[in-house]
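Close look at the chain arrangement
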Amino acid sequence: MEQLELLGEMKDFRLHKKYREGVFKTRSEIMREMNEEGRTRIFSVLSFGGGTQSTHLMEMHLQGEIDYDYIIFSDTGAEPEFIHEQVRWWQDRQRELGNTTPFIITRHSSMDRGLEEMLMRYIHTDYQRFQMPVYCNQIDEKTGEEIKGGLMPRQCTVDFKIVPVQQAARKRILADLGLGSNQRMPSDVGIIMDIGFSYDEMNRINLYRSPQYKYISLSYPLVEENMTTEESIQFLKDNNMPDKRSRCYLCPFNCDSRGVDWREIIVHESLSFLKACYFDEQLRKVQKTGRKNMKSVPYFHYSRMPLKDAYPEDYEFLSAIYKNELDDWISSWSTILSEKYGKVIAA
């Protein structure tokens, strides 16, 4: 963001350090690179998130401005219901317009219940890999008090969105080529996967080549158009299309700002808010046991206070209403963990 501010009103991705240093390339540059590698059969994939930027790209596809061979939505297992409603809205629009591009829904290959499963597994089993960008406090060794720390790396987007889309694209293309899912991709095949990051999100771009598959490259069309998140939202509004921003109901990047705030989750996804409070509290409990390699004290809320304390009246009111549903949800996860992972430990 600092570099974007230095560029002032002159939006030009080509001036950005990440482009100049080759961290990402334009679609035309990627295609040229693939052709030089002998990849003459190139498939185009939209990584569809159901929010604002990827739906902007979806509409461009439906209007013939971008051509996709596949549209793939990765269900993280923690999207608010309003995001699933938006996904269904776009599926309906695609059918109404007679567009027949395959629309594929996929999930994490081993944790098919998504981020909820990852968190429950982390809290209640000996699983050590934590994949969310929680806010952290450090413990002062002299006083024992908490002091403000940093933010854990954001690995969830890659692990639960981008990689599952890549895996689903690979599997579908191999099938369409008459090959089995365990066979090698032909050397003349390349895949360009479009990600809906905007110009103001260039800090999220870390590569253009997939680390998992050498024949998959990542493209960022909205960045190439120097288009911001707000411009995509305005485009959707102007065309009377759904404009809620995609994220998980428990995402620590929820804040008190337009379109990505805890208040929207509290109002529209009340039970999900209580689930987020449960995870937030349990993570600190398990961190204090010393059984995890997480050394910092984690918080979902940007203020670095317990989520339930950030909205105490809402938490108290909703807890009374949804107590039975929350208890049933926790109980169901106990059964799932026991059946799938065997050894379950107390938080």
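As the structure is a prediction and not an experimental result, all values here were calculated from the model.

Within the chain, the secondary structure is distributed over 13 helices and eight strands. At 21 Å, the chain has a C-alpha radius of gyration in line with the 20 Å of a compact globule built from 347 residues. Dimensions along the principal axes, computed over C-alpha positions, put the chain at roughly 60 × 50 × 45 Å. Each of the 347 residues in the chain was classed as buried or not, and the buried ones make up 51%. Within the chain, counting contacts between residues at least 6 apart in sequence, those at least 24 apart form 71% of the total. By element, 47% of the accessible surface of the chain is carried by carbon and sulfur atoms, the whole surface being about 16,700 Å². Side-chain charges of the chain comprise 46 positive and 53 negative groups, with the mean position of each set lying 6 Å from the other.

What follows concerns the state of the cysteines. Note on terminology: disulfide describes a covalent bond linking the sulfur atoms of two cysteines. Considering all chains together, one arrives at zero disulfides under this definition. Distance from the sulfur of C136, which forms no disulfide, to the nearest cysteine sulfur (C156) is 13 Å. Given the relative accessible area of 4%, C136 is considered buried. With no disulfide of its own, C251 lies 6.4 Å from the sulfur of C156, the closest cysteine sulfur.

With that settled, the discussion passes to the nonpolar core. Counting 42 residues, the largest nonpolar core has M118, F130, M132, L250, F273, F279 and F300 as its most contacted members. Those elements that place two or more of their residues in this core are α5 (81-96), α6 (114-124), α7 (156-176), α10 (262-268), α11 (270-288) and α13 (312-341). With eight residues, α11 is the largest single contributor of residues to this core. When residues no more than four places from it in sequence are discounted, the contact partners of F300 are M132, V134, Y135, L250, P252, W262, A276, F279, D280 and L283. Of all hydrophobic cores here, the second largest spans 33 residues; its members include F24, F197, Y199 and Y208.

For the rest of this paragraph, the subject is the pattern of salt bridges. Applying the stated criterion across every chain yields a total of 28 salt bridges. Close ionic contact of D159 with R129 constitutes a salt bridge, the shortest N to O distance being 2.9 Å. Of the two residues, D159 sits in helix α7 while R129 sits in the loop between α6 and β4 (135-139), which places them 30 residues apart along the sequence. Overall, the relative accessible area of 42% leaves R129 in the partly exposed class. Put simply, E281 and K308 hold a salt bridge, and the shortest N to O gap is 3.3 Å. Taken together, the residues span a long stretch of sequence, with E281 in helix α11 and K308 in helix α12 (residues 307-310) at a distance of 27 residues. Taken together, the shared-partner salt bridges connect K25, E33, E37, R39 and R209 into one network.

Our focus in this paragraph is the environment of Q167. In this fold, Q167 is placed in helix α7. Between the alpha carbons of Q167 and K308 there is a distance of 37 Å; along the sequence they are 141 residues apart. Apart from the residues lying within four places of it in its own chain, the contact partners of Q167 are S109 and Y213.

Now for the sheet that holds strand β6 (residues 189-194). Pairing between the strands of a sheet comes from backbone hydrogen bonds, and it takes one of two forms, parallel or antiparallel. Ordered in space as β3-β2-β1-β6-β7, the five strands form an open sheet in which the pairing is parallel. Of all strands in the sheet, those with a lone pairing partner are β3 (103-106) and β7 (216-219), marking the two edges. Neighbour-to-neighbour, the strand axes of this sheet turn through a mean angle of 30°, independent of strand direction. As paired strands, strand β2 (residues 70-74) and β3 are joined by four bridges and run parallel to one another. By the bridge assignment for β3, I71 is matched with F103. Contacting β1 (41-48), β2, β3, β6 and β7, α7 runs over the sheet at an angle of about 140° to β2.

A few words on α13. Between its terminal C-alpha atoms α13 stretches only 35 Å, short of the 44 Å expected from 30 residues at 1.5 Å a residue. Of all the bends in α13, the greatest measures close to 70° and is centred on Y322. Buried residues of α13: L318, L326, W329, W333, I336 and L337, and no others. Looking at the buried positions of α13, the neighbouring elements they touch are α6, α10 and α11.

About the cut-offs
Residues numbered from 1 in each chain as written. Predicted model: local features only at pLDDT ≥ 70, side-chain atom pairs only at ≥ 80, totals over all residues. Heavy atoms only, no water. Helix = DSSP H or I, 4+ residues; strand = E, 2+ residues; numbered from the N terminus. Rg over C-alpha atoms; globule rule 2.2 N^0.38 Å. Buried < 20%, exposed > 50% of the residue type's maximum accessible area, 1.4 Å probe, protein only. Contact = heavy atoms within 4.5 Å. Areas by Shrake-Rupley, 256 points an atom, 1.4 Å probe, with all protein chains shown as cover. Lys, Arg positive; Asp, Glu negative; His and termini not counted. Charge placed at Lys NZ, Arg CZ, Asp CG, Glu CD. Disulfide = S-S within 2.5 Å. Core = buried A, V, L, I, M, F, W, Y, C linked by side-chain atoms within 4.5 Å. Salt bridge = Lys/Arg side-chain N within 4 Å of Asp/Glu carboxyl O. Pairing = 2+ DSSP bridges. Axes fitted to C-alpha atoms, helices over the stretch in contact; angles between N-to-C directions. Expected span 1.5 Å × (residues − 1). Bend = angle between axes of the 7 residues up to and from the residue.

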